Amino acid sequence: MKNKKVVVTGGAGFIGANISETLCCSNEVTIVDDLSTGRISNVLEFIESKKVKFVKGSVTDLSLLKEAFNGADFVLHQAAIPSVPRSVLDPIKTNEAGITGTLCVLVAARDCGVKKVVYASSSSVYGEMSTLPKREDMEPKPMSPYALTKLAGEHYCRIFTELYGLKTVALRYFNVYGPRQDPVSEYAAVVPKFIDCALKGEAMPIYGDGYQTRDFTYVKDVVRANILAAESEVTGVYNIAGGKKVSIFELARIVSEITGSEMRVQFLEPRTGDVRESWADISKAKRDLGFEPKYSLRAGLEETIKWFKCRERE
Ligand SMILES: NC(=O)c1ccc[n+]([C@@H]2O[C@H](COP(=O)([O-])OP(=O)(O)OC[C@H]3O[C@@H](n4cnc5c(N)ncnc54)[C@H](O)[C@@H]3O)[C@@H](O)[C@H]2O)c1
């Protein structure tokens, strides 16, 4: 993508900052973020070097969005409170950012004549399925308030395409990991948590027996998927994933191996709202978007662990 005006909502967060970093060299990038879970340090160097414009505010603020979206070609909508356990504790906050926020983004995009909105959806919309891998034509069964907000956002995208002709794509990300992901919050995702524990010589926490599976996706593959989705003509829902099923126990083993630490794990009670198995069929994204994950789990983890080690030394 070149010479486009792109707005990244949630651009100070983990995925949004990686997207902004990739796009800001050859495009005009504006970030809208309320810094509720994101960090300004994720994008400070791009703001200071004037490669990125930063607007602090919420995606529930329609007039702020209309100002930020003015003249934009694409909106890459990443803003949300992205945690299943957090949504179980505070469903109203998750609902506000996820559903009201997405509706406001779509209204502002429609009114500003944005060419396309790419929406960050989630594998969590599927819930527990007896058939694997998970395909876009299977009936979703969200198991948490977070998953429900993601599914509602997808429906809003479809409705805005049908009613108002606003082009939208919803990308169902499967367990994204990579540089800038928060390792220390109580809602930290499994990959940064395991890396942080391994580097500190602490036991990696496993909720349940460790045989639950996830389909891990390196963030650079997610960034590429966003660009492909924005530039393509298609609309609709797409799985974006590494396309491999890996157990949490196996993840702990690989992280220990790459960090060169002794494998230590601590088993904890399973968490409410978490699914047992997650594995994506990515053939639709391959066919329509030309999406192919470029990073194996090991290659992505090697880059991520290198980044965490550099950060530790700073
Ligand atoms: N990380 C994953 O594995 C994963 C998987 C599936 C889907 N997703 C989706 O990808 C998107 C990005 O997730 P992430 O992992 O980078 O999380 P993140 O918490 O690092 O980023 C989310 C960003 O949104 C911002 N935000 C939250 N509420 C906002 C609001 N009301 N207004 C403006 N900004 C707001 C936060 O401050 C943060 O910077 C989310 O929509 C999430 O649901 C992530």
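Coordinates for the structure precede this section.
Quick caveat: nothing in here was measured; it's all calculated off a predicted structure.

Cut-offs applied
- Residues numbered from 1 in each chain as written.
- Predicted model: local features only at pLDDT ≥ 70, side-chain atom pairs only at ≥ 80, totals over all residues.
- Heavy atoms only, no water.
- Near = heavy atom within 4 Å.
- Polar contact = N/O pair within 3.5 Å; in protein donor to acceptor, adjacent residues only side chain to side chain.
- Areas by Shrake-Rupley, 256 points an atom, 1.4 Å probe, with all protein chains shown as cover.
- Helix = DSSP H or I, 4+ residues; strand = E, 2+ residues; numbered from the N terminus.
- Axes fitted to C-alpha atoms, helices over the stretch in contact; angles between N-to-C directions.
- Parallel < 35°, antiparallel > 145°, perpendicular 65-115°, else oblique.
- Left-handed = near helix turned anticlockwise from the far one by under 90°.
- Contact = heavy atoms within 4.5 Å.
- Nonpolar A, V, L, I, M, F, W, Y, C, P; charged D, E, K, R; others polar.

(A) Quick look at the site of the ligand. Close contacts around the ligand come from 28 residues, with Phe14, Asp33, Thr37, Gln78 and Tyr146 the closest. The separation between an oxygen atom of the ligand and a polar main-chain atom of Ile15 is 2.8 Å. At 2.8 Å from an oxygen atom of the ligand is found a main-chain nitrogen or oxygen belonging to Gln78. Expressed as a share of its isolated accessible area of 820 Å², the protein-covered part of the ligand is 92%. Only α1 (14–23), β5 (116–122) and α6 (145–164) provide two or more residues apiece to the shell around the ligand. The dominant element in the shell around the ligand, judged by the number of residues it contributes, is β5, at three residues.

(B) Local environment of the packing of helix α7 (residues 190–200) against helix α11 (residues 297–313). Relative to each other, α7 and α11 sit at 55 degrees, their axes nearing to 11 Å. When the interaxial angle is binned, α7 and α11 end up oblique. Handedness of the crossing formed by α7 with α11: right-handed. Taken together, the residues of α11 that come into contact with α7 (itself represented by Val191, Pro192, Ile195 and Leu199) are Leu301, Thr304, Ile305, Phe308, Lys309 and Glu312. Grouping the constituent residues of the contact of α7 with α11 by class yields seven nonpolar, one polar and two charged.

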